[in-house]
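# Summary of structural features
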Amino acid sequence: MSDPSVQQQQARPAVPVLHEERLDEVLGAAPERGRGRYRPHRVGMVWRSKVFRAGAVIVALALCWLVILALVREQTGPEGFLVGLGLAVLPVPLLMAAFRWLDRVEPGPWRNLLFSFAWGACAAALVAIIANSFATRWIATATADPASADTLGATVIAPVVEESAKAAAVLLIFLFRRREFSGVVDGVVVAGFTATGFAFTENILYLGNAFGEDQQLGSSGFASVTAGTFFVRIVMSPFAHPLFTVLTGLGFGFAAVSARRHRARRIALPLLGLLLAMGLHALWNGSSSFGPYGFYAVYGIVMVPAFGLVTWLAIWSRQRELRTLAAELPAYAAAGWLTPAEPSALSSMRARGMARDLARHWQPDRTRGRAAARAVAEYESFATSLAGLRRRARHGAVGPDFGARERELLHHLWQRRETAAPALTHAALLTAHPGAHHGRPLPTPYGTGNGYANGYGYAYGTGYGPGHTPGYGHTQGPTPGYAPGAYPPPQPYGGALHSHRRPPS
């Protein structure tokens, strides 16, 4: 068994070269422990406190929600409000779960998603209620025609106001959480959560008003206004608002992966997405004025195909993230940061889930098992961010902090490799050869000491050492363990640090 104290003193692998002619710009040694946190330049004094910023946002959104509660209860009454709240909450978990599933490859932080939902439910909804009411009253007074004012407000004013208010949440995260907004999927998920929150508040108002109307008319059952409103807004079109705002999110997502030199494109794409969202929203709101079958025609000819197209595009973008892992991570495996099997495992959602399960079951108790599974999940997320960062760098879509960000992500991988590397390597074997261990218990690579248990050995380079089948297998006897301190001496990829020439072979 190799001495961990000696291996811990070995240098970490070199950072692989992105473009050899830009070597001095992007490369540097991995940070030491305690220095692996990238801290962007901060402006101002008050906003240095994360607690202050989070508290200010929470207080502002809470005040918006209190105002909305007062306005909605005034229109619907206490009973209508409770009925609307109970019915409007039904589609929320399903929509949030769908968007979160889409974000599984590189999960965004929950704080961004909760902010997006709260912004849509509180700030955007309050702006829409006030602005739409004011605009409709002004048009009715100016034209002395309340009926046309309602139609004009629904088809022109409401789409512009509501989509702009929802787009503000996507813009804020795009500007102030730029490192966590890296592509099309992020734009779709953030926009989807924002629109889900907005639709939740709007449905409370519509369903509460419908219930109040039923109380006045004395109607109930399937023929009631509440049942009809519930069927149209909750059953038939729960995806309407998310679909509109996702078009804005797609614009921001494509802008995020565009080269920084294309400034016009990075500005035009979000604006184009916002205009498409407003147009589709206006068409949907105005469908009832197209005749008795206008609503069904717009629903079947426009809304359903648009929903299918956007869904396909979102899933394709998700698969593209997995293909990026398979294309970019082998460079880090060749440099010694990852095992040779990890890029294959990380580019498969089945292998990633299996690795988390293996890490959990290999531990002696539940507490350690949960911690190990969480470490593997974090490792997978950091590896995905690293592959996406490298791909964007190839297309010129990163800033001058690329090198620091790359080193930070490698630092996080380095800290979790003891738990994640064996689980992912084992998962790669099981997904490549599903019957390899059928009917036999899975051996654990974790021993009682620092290394792996006898019977499984890991080596790096062109193979896994004597006694192994290609890629992975059993050894016939004790094999040197996998020390937690450092990887074996790496094979440099593309060149040495701060040199434009490759090292001699």
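In what follows, the structure referred to is the one given above.
Overview of the structure. Counting restarts for each chain, with residues numbered from 1 along the sequence as it is written. Side-chain atom pairs in this predicted model are given and counted only at pLDDT of 80 or more, local residue features only at pLDDT of at least 70, and totals for whole chains, interfaces and linings cover all residues. Only heavy atoms go into the side-chain values, all of them from the structure, while hydrogens and water stay out.

## Focus: the pattern of salt bridges
The working definition used for a salt bridge is a side-chain nitrogen of Lys or Arg within 4 Å of a carboxyl oxygen of Asp or Glu. Within the structure shown, the criterion is met by 15 salt bridges. In this structure, the salt-bridge partner of E180 is R111, at a minimum N-O distance of 2.6 Å. With E180 in the loop between α6 (146-176) and α7 (184-217) and R111 in helix α5 (residues 110-143), the pair connects residues that are 69 residues apart, well separated along the chain. Here the term buried applies to any residue with accessible area under 20% of the maximum for its type, exposed to any over 50%, and partly exposed to those in between, with areas from a 1.4 Å probe on protein chains only. In this structure R111 comes out as partly exposed when scored by relative accessible area, which is 48%. With a shortest N-O distance of 3.5 Å, R390 and E328 are connected by a salt bridge. One end of the pair, R390, is in helix α15 (residues 366-394); the other, E328, is in helix α11 (residues 294-328), with 62 residues separating them in the sequence. The two residues R390 and E328 agree in class, both being buried. Secondary structure is summarised from DSSP: a helix means a run of H or I of at least four residues, a strand means a run of E of at least two, and numbering begins at the N terminus for each.

## A short note on the packing of aromatic side chains
Think of it this way: a Phe, Tyr or Trp ring, Trp meaning its six-membered ring, pairs with another when their centres are within 6.5 Å, and the plane angle makes it stacked under 30 degrees, edge-to-face over 60, tilted otherwise. For the structure on display, the rule yields 15 aromatic pairs. Seen from their ring centres, W110 and F193 are 6.2 Å apart, and the 80 degrees between their planes marks the pair as edge-to-face. With W110 in helix α5 and F193 in helix α7, this pair connects stretches of sequence that are 83 residues apart. With relative accessibility at 41%, the residue W110 sits in the partly exposed group. Among the residues examined, F193 registers a relative accessible area of 1% and is labelled buried. Taking the centre distance of 5.9 Å and the plane angle of 45 degrees together, the rings of F115 and W119 count as tilted. Linking F115 with W119, this pair stays in helix α5, spanning four residues, or about one helical turn.

## Examining the state of the cysteines
Put plainly, a disulfide is one covalent bond tying together the sulfur atoms of two cysteines. When the sulfur atoms of two cysteines come within 2.5 Å, that pair is taken as a disulfide. A full pass over the atoms with the stated rule returns zero disulfides. Not engaged in a disulfide, the cysteine C64 finds its nearest cysteine sulfur in C122; these two sulfurs lie 6.6 Å apart. A relative accessible area of 19% means that C64 is categorised as buried. Judged by relative accessible area, C122 falls into the buried class, the value being 9%.

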